[in-house]
Amino acid sequence: MSEFVYLYRGGQRPDSPADGEKQMQLWVGWLQDLANKGHLKDRGQPLEQEGKVVSGKQRTVTDGPYPESKDIVGGYTLIEAKDLAQAADLAVGCPIFETGGAVEVRPIMKM
Amino acid sequence: MQVEEHLFRQHSGRIVTALSRIFGLENIALAEDVTQDVFCRALEVWKLRGVPENPSAWLMKAAKNRAIDLLRRERVARRLEPELGRLLESEWTLVPTINEFFSAESIKDDELRMIFSCCDPELSETTQVALTLHLACGFTMAEIASAFLRKRSAMEKRIERGKKVLANSKHLFDLSDGELKTRLSAVHRALYLLFNEGYHGASAVRTELCREAMRLGALLIEHPLVASPVTYALCALMSLHAARLPARLDPDGDLIDLAHQDRSRWEIELIGKGNELLDRSAFGTELSAYHVEAAIAAVHSNALHAEDTDWGRLIWLYDMLMTIRPSPVVALNRAIALAQQNGPERGIEELRTIEHGELLASYPFYAAALGELEFRAGDNGNARKHFEEALGLARNRVERRFLERRLDAVRDAALR
């Protein structure tokens, strides 16, 4: 088994608790399913939308990670899978697609 | 782990109340925004981390932290009244002050004060109830509109108007205020209307409305300043009626009248509680309509079978109610009790001579009562005429279905 990280990009924040509850139930179900199949290494953490980027030789500090909100990473999860293809397959059920987001699947570099 | 049903609704009232104490009633919109935001953030965290062991404590803590954060960053405190503003501007006192506002005791007190604030005499009764549902019970505008079977836009306007009146009053109602007594009867009335809306209405949230009215009633009982005999009587009344809720509708959602309900499905704990509350309401000198109505409900609840009903006592109680709060609907119920005791003809005679009976012209259950008594007296033709009239007046699906079935029974009998 190899380790992968799912980076959740974009998607919409709920606009009401009722809406959020629906979304949450989907996520909890999906992650539970991954856990049952032995693929969930670490649930990970959600991330705040705001942030700063430090860049360039001048170490310039600017607000916000990206100008486009659809690209913002909103959280991550650690996954175990046979290979990259399987890790990508497992991401297909992620509820983020319902709200227009994307999952970036990246293998964690092995020693 | 699943989120308990209505978790957010249950916390909304408490959090909005605590936050509007902090930000002031004129900033109630801010308090509501922050509350929504706390809920949405909670769900963002829970969707990855899972629902915490104690979501309730988690939410209250998140709301508290959010308030502290906001006061630090946005300098909201500057817009607050000087005394509170000073406490919230200083790092020394900010956190302890907010902690105090979010303590269980303080929140319970403030919730009560919020109910009293919502029942401002400047507002119509419907607005008072809607505002209470919105601010103290966390119902959304859409839920309230559907509970009252009104248009959402109309309900929104009503609630916005209510909030403006609240904002003008600046502070939550002070329970030591000299106006307490008048305000308390407005609160009683609002809870009574809220309960009735749930009990007789046709909305999808009907039992929840009853439950909320009872929850707020229980809050009143816990506070010595407002736990009056009338408060006990109102809570008794709600408890005794609520006991029958499980038996009131058949599996198709159709209404079953009192005489035909399966009494084994009545909630015995609620009947016991209602009886106890009724006992406790019997102090002081004031005999309110709630007392008598609760006593009437108790007569029904304590009859093991419909035939065991003490109709004599009911007539006596209805007579009493007619002197305290006379109304054609009370007279109608009295006539039905009389018919049980003295035969349908006597009941019909009473129904025909109700004072201000014209007020019942559009009330479907007046025509239905006439139909029922004619049916029992054996006049199927007249019974049918009255039930048809009642059906034409039905105000919702539940009433319509109930009357259709009575009409079917009359037609069946006529064929035999």
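Given the structure is predicted, the values throughout are model-derived calculations rather than measurements.

### Points about the interface of chain A and chain B
Part 1: Chain A puts 24 residues into the contact, and the matching count from chain B is 20 residues.
Part 2: The contact between chain A and chain B buries some 1800 Å² in all, and 58% of this surface belongs to carbon and sulfur atoms.
Part 3: Interface area lost by chain A to chain B is led by Arg13, Pro17 and Met24 of chain A, which between them contribute 31%.
Part 4: At the junction of chain A with chain B, the criterion picks out one salt bridge.
Part 5: Note that glutamate 48 of chain A and arginine 41 of chain B form a salt bridge whose closest N and O atoms lie 2.6 Å from each other.
Part 6: Counting across the chain A and chain B interface gives three residue pairs in polar contact (both at pLDDT 80 or more).
Part 7: For the side of chain A that touches chain B, the secondary structure elements donating two or more residues are helix 1 (17–36), strand 2 (40–46) and strand 5 (73–81) of chain A.
Part 8: Here the element with the most residues in the side of chain A that touches chain B is helix 1 of chain A; it accounts for nine residues.

### Digging into the environment of glutamine 23 of chain A
Part 1: Note on placement: glutamine 23 of chain A falls in helix 1.
Part 2: In this structure, the C-alpha to C-alpha distance between glutamine 23 of chain A and glycine 64 of chain A, residues 41 residues apart in sequence, is 25 Å.
Part 3: Setting aside chain neighbours within four positions, we find glutamine 23 of chain A in contact with Gln12, Pro14 and Thr99 of chain A together with Glu44 and Lys47 of chain B.

### Brief notes about helix 5 (residues 91–101) of chain B
Part 1: When helix 5 of chain B is considered as a whole, its buried residues turn out to be Leu94, Thr97, Ile98 and Phe101 of chain B. One side of helix 5 of chain B holds all its buried residues, which, seen down the axis, span an arc of 95°.

### Describing the side chain of threonine 132 of chain B
Residues and elements named next belong to chain B.
Part 1: Looking at the element boundaries, threonine 132 is found in helix 7 (residues 125–135).
Part 2: Threonine 132 gets classed as buried once you look at its relative accessible area, which sits at 2%.
Part 3: Once residues lying within four places of it in the same chain are set aside, the contact partners of threonine 132 are Ile115, Cys118, Cys119, Cys137 and Leu216.

### Section: the sheet that holds strand 5 of chain A
Residue and element names in this part refer to chain A.
Part 1: Spatial ordering of the open sheet is given by 2-5-1-6, a layout of four strands whose pairing is antiparallel. The sheet is open, and its two borders are formed by strand 2 and strand 6 (102–107), each paired with just one other strand. Adjacent strand axes in the sheet meet at a mean angle of 20° when their direction is disregarded.
Part 2: Sheet analysis places strand 1 (residues 2–9) next to strand 5, joined by eight bridges and oriented antiparallel. Within strand 5, the residue paired with leucine 7 across the bridge is tyrosine 76.
Part 3: Against the sheet, helix 2 (residues 84–91) makes contact with strand 1, strand 5 and strand 6, and its axis sits at roughly 160° relative to strand 6, the strand it touches most.

### Things to note about unusual backbone geometry
Part 1: Phi at arginine 59 of chain A is positive, roughly 50°, even though this residue is not glycine.
Part 2: Looking at the element boundaries, arginine 59 of chain A is found in the loop between strand 3 (52–55) and strand 4 (60–63).
Part 3: In this model, histidine 356 of chain B sits at a positive phi of 55°, which is unusual for a non-glycine residue.
Part 4: Along the chain, histidine 356 of chain B falls in the loop between helix 18 (344–352) and helix 19 (364–377).

### Quick look at the pattern of salt bridges
Residue and element names in this part refer to chain B.
Part 1: On inspection of all chains with the given rule, the structure shows 37 salt bridges over all chains.
Part 2: The residue aspartate 254 makes a salt bridge to arginine 405 at a minimum N-O spacing of 3.9 Å. Of this pair, aspartate 254 sits in the loop between helix 13 (245–248) and helix 14 (268–280) while arginine 405 sits in helix 21 (residues 397–415), and the two are 151 residues apart along the sequence.
Part 3: The exposure class assigned to arginine 405 is partly exposed, which follows from its relative accessible area of 31%.
Part 4: For arginine 401, the salt bridge is made with glutamate 404, and the minimal N-O distance between the two is 3.3 Å. Separated by three residues within a single helix, arginine 401 and glutamate 404 lie in helix 21, roughly one turn from each other.
Part 5: For glutamate 404, a relative accessible area of 29% gives the class partly exposed.

### Remarks on the packing of aromatic side chains
Part 1: Under the counting rule described, the total for this entry stands at 13 aromatic pairs over all chains.
Part 2: Taking the centre distance of 6.1 Å and the plane angle of 15° together, the rings of tyrosine 6 of chain A and tryptophan 30 of chain A count as stacked. With tyrosine 6 of chain A in strand 1 and tryptophan 30 of chain A in helix 1, the pair connects residues that are 24 residues apart, well separated along the chain.
Part 3: Given the relative accessible area of 8%, tryptophan 30 of chain A is considered buried.
Part 4: Measuring from ring centre to ring centre gives 6.2 Å for tyrosine 232 of chain B and phenylalanine 283 of chain B, while their planes differ by 70°; the resulting arrangement is edge-to-face.

### What about the pairing of strand 4 of chain A?
All names here are of chain A.
Part 1: In terms of strand pairing, strand 3 meets strand 4 through four bridges, oriented antiparallel. Directly across from valine 54, in strand 4, lies its bridge partner valine 61.
Part 2: In this antiparallel pair of consecutive strands, strand 3 and strand 4, the connection spans four residues, and glycine 56 shows a positive phi of 75°.

### What to know about the environment of alanine 213 of chain B
Residues and elements named next belong to chain B.
Part 1: With respect to the element layout, alanine 213 can be found in helix 11 (residues 206–222).
Part 2: Separated by 110 residues in sequence, alanine 213 and threonine 323 have C-alpha atoms that sit 27 Å apart.
Part 3: Discounting residues that sit within four places of it in the chain, alanine 213 has contacts with Leu191, Leu194, Phe195 and Met238.

About the cut-offs
Residues numbered from 1 in each chain as written. Chains lettered and ligands numbered in written order. Predicted model: local features only at pLDDT ≥ 70, side-chain atom pairs only at ≥ 80, totals over all residues. Heavy atoms only, no water. Contact = heavy atoms within 4.5 Å. Buried area = accessible area lost by both parts, 1.4 Å probe. Salt bridge = Lys/Arg side-chain N within 4 Å of Asp/Glu carboxyl O. Polar contact = N/O pair within 3.5 Å; in protein donor to acceptor, adjacent residues only side chain to side chain. Helix = DSSP H or I, 4+ residues; strand = E, 2+ residues; numbered from the N terminus. Buried < 20%, exposed > 50% of the residue type's maximum accessible area, 1.4 Å probe, protein only. Arc of directions from axis to C-beta. Pairing = 2+ DSSP bridges. Axes fitted to C-alpha atoms, helices over the stretch in contact; angles between N-to-C directions. Phe/Tyr/Trp six-rings, centres within 6.5 Å; stacked < 30°, edge-to-face > 60°.

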